[in-house]
Structures are given as structure tokens and as C-alpha cells.
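# Descriptive analysis of the structure
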Amino acid sequence: MLSSLVLAAVALIPGVFSAPSGFLPQLGDLLHGEKTNAIQARQGGYFWSSWSEGGGTFRCNNGAGSAYSVTWQTSGGSSGFVCGKGWSPGGNRAVKYEGSYNTTGPGYLSVYGWTRNPLIEYYIVDAHGDLLPNEPWTEKGNFTFDEGTYTVYTSTRVNKPSIVGTTTFQQYWSVRTEQRVGGTITTGKHFEEWANLGMRLGGHDYMILATEGYTSGSTMSNGTSSFTLG
């Protein structure tokens, strides 16, 4: 196993992350299950995370400061990625961002994060491509505040990659009804509304402004994005 110091030093080098290159596969095994690639690092007060699985080309560029950019093309089978910048730990925060997002096929632009005890993967989606989740969504309700109107969903992933390895866990979703690219996402408001619906979070792990693309059935994803956190 590479030491955390060596991994951080490698991951701090701005550049391209492509899959399936085999780059640091053991780190991916530890962070998000087998047959994956993953990089995580701290840089200038921000936390960088890049994860992928399967074939395809995922060029996640860890830019200077709070910036990052992505170009991607998934392939058939289990193919996808999530990458972005944010904070570790996550939690209640006004996430301000600006940039561009262009996609075809399944994918999301979101504040994305994890909690432990319980293990929850969560998304606050501001924009998206095709909404083709690989697990059924259950609608829980909706809410409106000064940042927009969001519909809330839950889903369950069974024996899938997570921050603690391959396991079964819940996903929480807030999906904006009118898509946008740029603005402020106040995470605490979503956490409060989820709690009102009986959706309990655990202790916060990392949280990033994420770009995600993946293959769902025969529908593949491609696109570009570029963002800077405020």
C-alpha cells in the first residue's frame, strides 16, 4: 500500500486522470471497491476527489485553487466516473460556484457527498443529462426556498462501491426542477428538509461540487465541464 503522503503528493499534480489506465488501482480498491480508480487529495484548502470504473475515457483535471475541469466519454458495461472539488469533512455550507456544464446521456452536476453511521451517499443536483438512475428512485416530496424548488428522492444501492468498500447503502437526492449552472447551494437547507422527511444523515465525510457521467443500459454519457468554487 502506498503511504498517504505519497498518494497526496501524486494527486496534487494538476493533470489528466484517465481510466482504465490502472493508475493507483489499489487506492481505488480501498476507497470505492474493486476494479476502480481513485485519487483523493487536499490542495490549498480544498479537497479533490476523482473516481472511475470500467472502460471509457475520463479526463479529470485538478486545476489551481478551487478550479477543475472534465472531459469524458463512457463505454458499455459498468462505466462511469465522479470527480470534483470541495471539502473534507463536508457539512452545512453555502457552496458558491460558477462555470460550464455540457453533457449528453446520463449524468449530474451536483453537490455530492457521503456520511458514515449511517452510510449515506447524497446528491443535491442543480443540472443533469438524462435522468436514468441504475436503481429505482422513490419520491419523498418537494420543497421550495429562495434558491429554487427541489424534488426529494431516495434509492438503495446493493453491493456497490462506497467509501468503506463494496456494501449496501442508501442514496438521498434533491433534484432542482429548473436546471441551472452556477449559483449557491446551501447544503444545510437540504439536510434540514431531508430530516423532516425521516432521512437521517450520519457524520460527514467528504463533500464536493461534482461532475458525474455513467452508462445506463445501452445509453452512454459524454461531455465537458469546468468549474470554480467561490
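Basis of the calculations
Residues numbered from 1 in each chain as written. Predicted model: local features only at pLDDT ≥ 70, side-chain atom pairs only at ≥ 80, totals over all residues. Heavy atoms only, no water. Core = buried A, V, L, I, M, F, W, Y, C linked by side-chain atoms within 4.5 Å. Buried < 20%, exposed > 50% of the residue type's maximum accessible area, 1.4 Å probe, protein only. Helix = DSSP H or I, 4+ residues; strand = E, 2+ residues; numbered from the N terminus. Contact = heavy atoms within 4.5 Å. Pairing = 2+ DSSP bridges. Axes fitted to C-alpha atoms, helices over the stretch in contact; angles between N-to-C directions. Salt bridge = Lys/Arg side-chain N within 4 Å of Asp/Glu carboxyl O.

## Considering the nonpolar core
Among the nonpolar cores identified, the biggest contains 34 residues, and Tyr122 and Trp194 are the most heavily contacted of them. Here this core takes four residues from strand E8 (residues 120–128), the largest share from any one element. The residues contacting Trp194, other than those within four sequence positions of it, are Tyr122, Tyr123, Ile124, Val152, Tyr172, Trp173, Ser174, Met199 and Leu201.

## What to know about the pairing of strand E10 (residues 148–160)
In regular strands, side chains alternate between the two faces of the sheet. Relative to E10, strand E9 (residues 138–145) runs antiparallel, the two being bridged by seven bridges. Paired with Thr138 across the strands is Thr154, a residue of E10. If you look at the hairpin formed by E9 and E10, you'll find two residues sitting between the two strands. Here E10 runs beside strand E11 (residues 167–176); their pairing, made up of nine bridges, is antiparallel. When the bridges of E11 are listed, Val152 appears paired with Ser174. Between E10 and E11, which pair antiparallel and follow one another directly, the connecting turn spans six residues, one of which, Gly165, has a positive phi of 105°.

## What to know about the sheet that holds strand E14 (residues 222–229)
Pairing is antiparallel in the open sheet, where five strands are placed in the order E3-E4-E14-E6-E12. The sheet is open, and its two edges are formed by strand E3 (56–62) and strand E12 (183–186), each paired on a single side. Strand after strand, the sheet turns through a mean of 25° between neighbouring axes, direction not considered. In this sheet, E12 lies alongside strand E6 (residues 94–104) in antiparallel orientation, the contact comprising four bridges. In the sheet register, Ala94 faces E12, and the bridge partner there is Thr186. Across the sheet, helix H3 (residues 187–196) is in contact with E6 and E12; its angle to E12 comes to roughly 40°.

## Quick word on the pattern of salt bridges
Scanning all chains against the criterion turns up four salt bridges. Between Arg116 and Asp205 there is a salt bridge; the shortest N-O distance is 2.8 Å. Taken together, the residues Arg116 in strand E7 (residues 107–116) and Asp205 in strand E13 (residues 203–214) connect sequence positions 89 residues apart. Owing to a relative accessible area of 18%, Asp205 belongs among the buried residues under this scheme. Residues Arg157 and Glu135 are paired through a salt bridge, measuring 3.1 Å at the closest nitrogen-oxygen approach. Of this pair, Arg157 sits in strand E10 while Glu135 is found in the loop between E8 and E9, placing the two residues 22 residues apart along the sequence. You'll find Arg157 and Glu135 in the same group, each marked buried.

## Notes on the environment of Ser88
The topology assignment puts Ser88 in the loop between strand E5 (80–87) and E6. Here Ser88 falls in the partly exposed class, since its relative accessible area comes to 22%. Along the primary structure Ser88 and His204 are separated by 116 residues, whereas in three dimensions their C-alpha atoms are 8.1 Å apart. Ignoring sequence-local partners within four residues, the contact set of Ser88 consists of Arg42, Phe47 and Tyr206.

## What to know about unusual backbone geometry
Geometrically, the link from Ser88 to Pro89 is a cis peptide bond, its omega value of 5° lying close to zero. Mapping Pro89 onto the fold places it in the loop between E5 and E6. The omega torsion across Asn117 and Pro118 is 5°, close enough to zero to call that bond cis. With respect to the element layout, Pro118 can be found in the loop between E7 and E8. We note that Asn117 has phi near 55°; this positive angle belongs to a residue other than glycine. Within the element layout of this structure, Asn117 appears in the loop between E7 and E8.

Structural measurements only, silent on function.
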